[in-house]
Amino acid sequence: MTDQVRRGGEPATDGGRIGGRQAETGFAEEDGRLTLRERKKLRTRQRISGEATLLFIRRGFDHVTVAEVARAAEVSTMTVFNYFPRKEDLFLDRIPEGRELLTRAVRERGADESPLAALRRLTLGLLAERHPLAGVGEGFEHFWRTVLDSPALRARGREAVEEMEDALAVLLTEAVGDEAGGPGPVGGEADGPGRDVRLAAALIIAGIRAAFAGAAARQLGGDPVDEVAVEQAEVLRRTFDALERALPGFA
């Protein structure tokens, strides 16, 4: 998912950039944690995803082949698949970044910060900085329309939600394991902490997803982005207020 596309038509491009910013996945290129080799791989991944996004938005996801993406990015088809195992991941390229941010928010939270407080901070922070994973920004209607027009992208989106729920269940198990008398299984047992954690993860992800979908619908309807962002922040606050009441063990 590239950062921005121009309103009312073609994606806003500047070489491999979208809306004046380089598309990114995972850590930023200037992040000190990346080696030179990792930075080179990141730039290649960004270029492939950026070219793919432009083609998908212009022509529709289902009308563009991976071979066409490879030609546009000046790499081989095999190289594309080395970075993106599935065609859908070329467009929904920030799914790994979302899992990484989720993981870091819960595992690296402060000693006095609950898992729900950490997730509230994460989602509101992403929105405040207009991070693409917040789903609110200039030109995002093109992204959402491309997803809605493709059954394959919609299916991959549903899978991503399930993956986030699974990841969060593991994180919550780690976070409350001691208080719950040990982490226990994270499956679907009739009793025990595993069942409670799975339910909590499902409710949290469902709440965030509902807020996300509402913001997408408003942008597709043409509402001003600034108004959507303000309302989205309030929706997220109400969502986490409700989650904290429903899930006191994680608040």
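Residues numbered from 1 in each chain as written. Predicted model: local features only at pLDDT ≥ 70, side-chain atom pairs only at ≥ 80, totals over all residues. Heavy atoms only, no water.

Engineer: Any chance you could explain the overall build of the chain here in plain terms?
Structural biologist: When helices and strands are tallied, the chain shows ten helices and three strands. When the helices and strands of the chain are placed in sequence order, the string is β-β-β-α-α-α-α-α-α-α-α-α-α. Looking at the 251 residues of the chain, the share that counts as buried comes to 45%. Relative to all contacts within the chain whose residues are 6 or more apart in sequence, the contacts with residues 24 or more apart total 67%. For the chain, the accessible area works out to roughly 12,400 Å², and carbon and sulfur atoms hold 52% of it. (Helix = DSSP H or I, 4+ residues; strand = E, 2+ residues; numbered from the N terminus. Buried < 20%, exposed > 50% of the residue type's maximum accessible area, 1.4 Å probe, protein only. Contact = heavy atoms within 4.5 Å. Areas by Shrake-Rupley, 256 points an atom, 1.4 Å probe, with all protein chains shown as cover.)

Engineer: When you look at the side chain of Glu 88 in this model, what are you seeing that I'm missing?
Structural biologist: Along the chain, the position of Glu 88 falls in helix 4 (residues 88-91). By relative accessible area, Glu 88 is classed as buried at 15%. Beyond its immediate stretch of four places on either side in the chain, Glu 88 contacts Phe 61, Ala 152, Leu 153 and Arg 156.

Engineer: Which parts of the structure should I look at to understand helix 6 (residues 115-128)?
Structural biologist: Because each turn of an α-helix spans 3.6 residues, side chains separated by three or four positions in sequence point in the same direction. Spanning 14 residues, helix 6 covers 20 Å between terminal C-alpha atoms, matching the ideal 20 Å at 1.5 Å per step. Most of helix 6 sits out of view: ten of its 14 residues are buried. Residue Arg 130 follows helix 6 closely and has a positive phi angle near 55°. (Expected span 1.5 Å × (residues − 1).)

Engineer: In this structure, what is going on with the packing of aromatic side chains? I would like to understand it.
Structural biologist: Aromatic ring pairs are described here by two measures, namely the spacing of the ring centres and the angle between the planes. Applying the stated criterion to the full structure yields five aromatic pairs. When the centroid spacing of 5.9 Å and the interplanar angle of 75° are considered together, the rings of Phe 56 and Phe 91 count as edge-to-face. You can see Phe 56 sitting in helix 1 (residues 36-59) and its partner Phe 91 sitting in helix 4, a full 35 residues away along the chain. Residue Phe 56 is classed as buried on the basis of its relative accessible area, which comes to 1%. With centroids separated by 4.9 Å and ring planes inclined at 20°, the aromatic side chains of Phe 91 and Phe 143 adopt a geometry described as stacked. Of this pair, Phe 91 sits in helix 4 while Phe 143 sits in helix 7 (residues 140-148), placing them 52 residues apart in sequence. Across the pair, Phe 143 and Phe 91 agree in class, each one buried. Among the aromatic residues, those joined into a cluster by ring pairs are Phe 56, Phe 61, Phe 91, Phe 143, Trp 144 and Phe 212. The cationic tip of Lys 87 hangs over the ring face of Phe 61; the distance from NZ or CZ to the ring centre is 4.4 Å. (Phe/Tyr/Trp six-rings, centres within 6.5 Å; stacked < 30°, edge-to-face > 60°. Lys NZ or Arg CZ within 6 Å of the ring centre and 35° of its normal.)

Engineer: Before we go on, may I ask you to explain the packing of helix 5 (residues 95-107) against helix 6 in this structure?
Structural biologist: Relative orientation and spacing of two packed helices are given, respectively, by the angle between their axes and the distance between those axes. Following both chains from N to C, one finds helix 5 and helix 6 inclined at 135°, their axes separated by 8 Å at the closest point. By the angle between their directions, the pair helix 5 and helix 6 is classed as oblique. Judged by the twist between their axes, the crossing of helix 5 over helix 6 is right-handed. Only Ala 118, Leu 119, Arg 121, Leu 122 and Leu 126 of helix 6 make contact with helix 5, whose side of the interface consists of Leu 101, Leu 102, Ala 105 and Val 106. In the contact of helix 5 with helix 6, the residues fall into eight nonpolar, no polar and one charged. (Axes fitted to C-alpha atoms, helices over the stretch in contact; angles between N-to-C directions. Parallel < 35°, antiparallel > 145°, perpendicular 65-115°, else oblique. Left-handed = near helix turned anticlockwise from the far one by under 90°. Nonpolar A, V, L, I, M, F, W, Y, C, P; charged D, E, K, R; others polar.)

Engineer: Looking at this structure, I do not really get the confidence of the model for the chain. What am I missing?
Structural biologist: Low pLDDT means the predicted atomic positions in that stretch should not be read closely. Mean pLDDT over the chain works out to 85, with 80% of the residues at or above the 70 mark. Per-residue pLDDT stays below 50 along residues 2-27; that stretch engages in 68 contacts with residues further than four places along the chain or on separate chains. Contacts of residues 178-193 to residues separated by more than four positions or lying in other chains number 20 contacts, the stretch itself having pLDDT below 50. (pLDDT = per-residue confidence, 0-100.)

Engineer: Explain unusual backbone geometry here, please?
Structural biologist: The general pattern is negative phi for most residues beyond glycine and trans for most peptide bonds. In the Ramachandran plot, Glu 74 falls in the positive-phi region, its phi being about 60° despite a non-glycine side chain. If you trace the backbone, Glu 74 turns up in the loop between helix 2 (66-73) and helix 3 (77-83). Look at Arg 130: it is not a glycine, yet its phi comes out positive at around 55°. Following the sequence through the fold, Arg 130 ends up in the loop between helix 6 and helix 7. You can call Arg 130 partly exposed: its relative accessible area is 30%.

Engineer: Just checking my understanding: could you explain the pattern of salt bridges for this structure?
Structural biologist: In a structure, side chains of opposite charge can pair up when their charged atoms sit close to one another. By the definition in use, this model includes 19 salt bridges. Across the salt bridge formed by Arg 121 and Glu 113, the nearest N and O atoms sit 2.8 Å from each other. Residues Asp 223 and Arg 218 are paired through a salt bridge, measuring 2.8 Å at the closest nitrogen-oxygen approach. You can call Asp 223 partly exposed: its relative accessible area is 26%. Here Arg 218 falls in the partly exposed class, since its relative accessible area comes to 25%. Via salt bridges that share partners, Arg 86, Glu 88, Asp 89, Arg 99, Arg 156, Glu 159 and Glu 163 belong to a single interconnected network. (Salt bridge = Lys/Arg side-chain N within 4 Å of Asp/Glu carboxyl O.)

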